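Topology and contacts: notes
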Amino acid sequence: MTGPAEAIWLGHLATMAAGAPYGAVRDGALAVRDGRILWVGPRAGLSRDLAGPATRIHEMGKAWITPGLIDCHTHLIFAGERSAEFEGRLLGTSYEAAARQGGGILSTVAATRKAASADLEAAARGRLRTLMSEGVTTIEIKSGYGLDLETELRLLRIARELGRTEAVTVRTTLLAAHAVPPEFVGRSEAFVDEIVQRILPAAKAERLADAVDGFLEPVAFSAPQIARVFAAAGAHGLPVKLHADQLSDGGGAALAASHRALSADHLEYTNESGVRAMAEQGVVAVLLPGAYATVGARQPPPVPTFRARHVRMAVATDCNPGSSPLTSLLMAGNLACALFRLTPEEVLAGMTAHAAAALGLDAEVGRLLPGLRADFVVWPVDHPRELAYWMGGLQPITRVRHGR
Ligand code: DI6
Ligand code: FE
């Protein structure tokens, strides 16, 4: 740490590092160089060497600076919308019943296959910018509405293109095991063959996927089928994640743990032994209150057990047209408090440090620590708990990514 910083930001810091609540440093300073955090600490402790003649000083006064927000679970790229299904649920048709009647995910697959790539990209870019305007600097984007080789790759290429052209870090996830497509109805094993033998190797060869995901549920894939997909991912050196125990207890948490998954997501029906298995393998629990609310679920995930077992909890939007038409990570955080009884501090950790871990990026982003990327957000709040408190309307003062 020699030589001056390019910039120094002065304000209250919620570093989200271990120690004080929120890793808070009141009247702090954050020094940045080459897109990385050079130094963090109380402004009174700032060494003179850090502030050279060319160093820009950003005096943020009483504003709070947090790590850039991370939305670690989205299905951002899709065509159409499913408001009729939303309305139908309110009139008594469950999410699963709609799926079994050929609506659900497959209706979005039909619309997405037909859509031009430029239109898919434009719609996803709009949603992405909405998320970014609220302080998101890293986002995970899944495929899963193509369900054939060509369209799955098309969706992942669009995700990569968004990462190249917007000021946000995009991590891509191949979710070919999302539903059984119409051409494979009654032949789900053959579709798993297709994933394992063709789709996954092609995504890997083109470096289009950073991880592999699956939907374990009676309306989707069985545990042995998911295990086959995960084995193939492992053989290609790709980490896995799982949509687990969302609508029923399918042993998803334990299955994810046995494959050392980065995360298991949803988890409403996860049992105690599943939580224990996640704790042993360090699997992050990604909680998705937007989906819980939208499908009209009644059983919240076992948050007290996650706490007791020290399972890290993340919070994400699950942005998708069926179960979570949500493009506000802050609103997801507020819902996590209301519906799952998370504390505001747990919510902020869940949108920063723990979300980074759910993407395998915790050595890179998610906290304000020297050496990590200079991705952070300045907020017009008196306390960081306000990020979970406001129900809409909170806008960052500034969003900084890679120091800019
Ligand atoms: N679980 C979900 O909540 C989303 N996917 C999944 O596996 C829903 C996707 C959809 O309904 O379109
Ligand atoms: Fe999802």
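Before reading on, note that the structure itself is shown above.
Values in this document were obtained by computation on a predicted structure and should not be read as measured data. (Residues numbered from 1 in each chain as written. Chains lettered and ligands numbered in written order. Predicted model: local features only at pLDDT ≥ 70, side-chain atom pairs only at ≥ 80, totals over all residues. Heavy atoms only, no water.)

1. Side note on the overall build of the protein chain
In terms of regular secondary structure, the protein chain is built from 15 helices and 14 strands. For the C-alpha atoms alone, the extent of the protein chain along its principal axes is close to 70 × 40 × 40 Å. Counting over 404 residues, the protein chain shows a buried share of 58%. Taking the contacts inside the protein chain whose residues are at least 6 apart along the sequence as the reference set, 71% of them involve residues at least 24 apart. Roughly 15,500 Å² of accessible area belongs to the protein chain as shown, and the carbon and sulfur atoms make up 54% of that amount. (Helix = DSSP H or I, 4+ residues; strand = E, 2+ residues; numbered from the N terminus. Buried < 20%, exposed > 50% of the residue type's maximum accessible area, 1.4 Å probe, protein only. Contact = heavy atoms within 4.5 Å. Areas by Shrake-Rupley, 256 points an atom, 1.4 Å probe, with all protein chains shown as cover.)

2. What to know about the coordination of the iron ion (ligand 2)
Only H73 (NE2), H75 (NE2), H243 (NE2) and D318 (OD) from the protein coordinate the iron ion (ligand 2), and they sit 2.1 to 2.2 Å from it. Classification of the site at the iron ion (ligand 2) as irregular follows from its 4 donor atoms and the range of 81 to 169° in their angles at the metal. Sequence positions of the donors to the iron ion (ligand 2) reduce to the motif H-x1-H-x167-H-x74-D. With H73 in the loop between β5 (69-71) and α1 (83-90) and H243 in strand β9 (residues 241-244), this pair connects stretches of sequence that are 170 residues apart. Considered together, H73 and H243 belong to a single accessibility category, that of buried residues. (Donors = N, O, S within 2.8 Å, 3.2 Å for Na, K, Ca; no water. Tetrahedral: all angles 85-135°; square planar, octahedral: opposite > 155°, others 65-115°.)

3. Observations regarding the pairing of strand β6 (residues 136-142)
The buried fraction of β6 is high, at 7 of 7 residues. Across 3 bridges, β5 lies against β6 in parallel orientation. Residue pairing for β6: L69 is matched across the bridge by V136. As paired strands, β6 and strand β7 (residues 169-177) are joined by 5 bridges and run parallel to one another. Pairing of E140 across the sheet is with R171, part of β7. (Pairing = 2+ DSSP bridges.)

4. Brief notes about the state of the cysteines
Using the criterion set out here, one finds 0 disulfides in the structure. Lacking any disulfide linkage, C337 is separated from the closest cysteine sulfur, that of C72, by 16 Å. (Disulfide = S-S within 2.5 Å.)

5. Concerning the site of ligand 1
Taken together, the neighbourhood of ligand 1 is formed by 14 residues, with R82, Y95, Y145, H178 and S323 sitting nearest. Residue Y145 places a side-chain N or O atom 2.6 Å away from an oxygen atom belonging to ligand 1. The contact in question runs from an oxygen atom of ligand 1 to an N or O atom on the side chain of D318, over 3.2 Å. Compared with its free state, where it exposes 320 Å², ligand 1 has 100% of that area covered by protein. Each residue belonging to the shell around ligand 1 can be placed in one class, and the counts come to 4 nonpolar, 8 polar and 2 charged. (Near = heavy atom within 4 Å. Polar contact = N/O pair within 3.5 Å; in protein donor to acceptor, adjacent residues only side chain to side chain. Nonpolar A, V, L, I, M, F, W, Y, C, P; charged D, E, K, R; others polar.)

6. Digging into the sheet that holds strand β8 (residues 211-214)
Reading across from one edge, β5-β6-β7-β8 is the order of the 4 strands in this open sheet, with parallel pairing throughout. Edge positions in the sheet fall to β5 and β8, since each of these pairs with one other strand and no more. The average undirected angle you get between the axes of adjacent strands in this sheet is 25°. Its contacts with the sheet place helix α5 (residues 149-165) against β6 and β7, and it is angled at close to 170° to β7. (Axes fitted to C-alpha atoms, helices over the stretch in contact; angles between N-to-C directions.)

7. Let's talk about the packing of aromatic side chains
With the rule as written, the count across this model stands at 6 aromatic pairs. Clustering of aromatic rings is evident, with ring pairs tying together F184, F191 and F221. A cation sits over an aromatic face here: R127 above F78, 3.7 Å from the ring centre. (Phe/Tyr/Trp six-rings, centres within 6.5 Å; stacked < 30°, edge-to-face > 60°. Lys NZ or Arg CZ within 6 Å of the ring centre and 35° of its normal.)

8. Digging into the nonpolar core
Core analysis: the largest hydrophobic core is formed by 99 residues, its most contacted members being L76, I77, I139, L174, M278, F306 and L342. Split by domain, the residues of this core number at least three in each of domain 1 (5-67 + 367-400) and domain 2 (69-358). L174 has contacts with S143, E152, L156, I199, L200, A203, A209, A211, V212 and D213, leaving out every residue within four places of it along the chain. One finds A7, L30, I37 and I65 within the second-largest nonpolar core, a separate group that totals 16 residues. (Core = buried A, V, L, I, M, F, W, Y, C linked by side-chain atoms within 4.5 Å. Domains from an automatic or database assignment.)

9. Digging into the sheet that holds strand β1 (residues 7-14)
Read from one edge to the other, the open sheet built from 6 strands follows the order β3-β2-β1-β4-β13-β14, with strand pairing classed as mixed. Whereas interior strands pair on both sides, the edge strands pair on one side only; in this sheet they are β3 (36-42) and β14 (398-400). Each adjacent strand pair in this sheet contributes to an overall mean axis angle of 35°, direction not counted.

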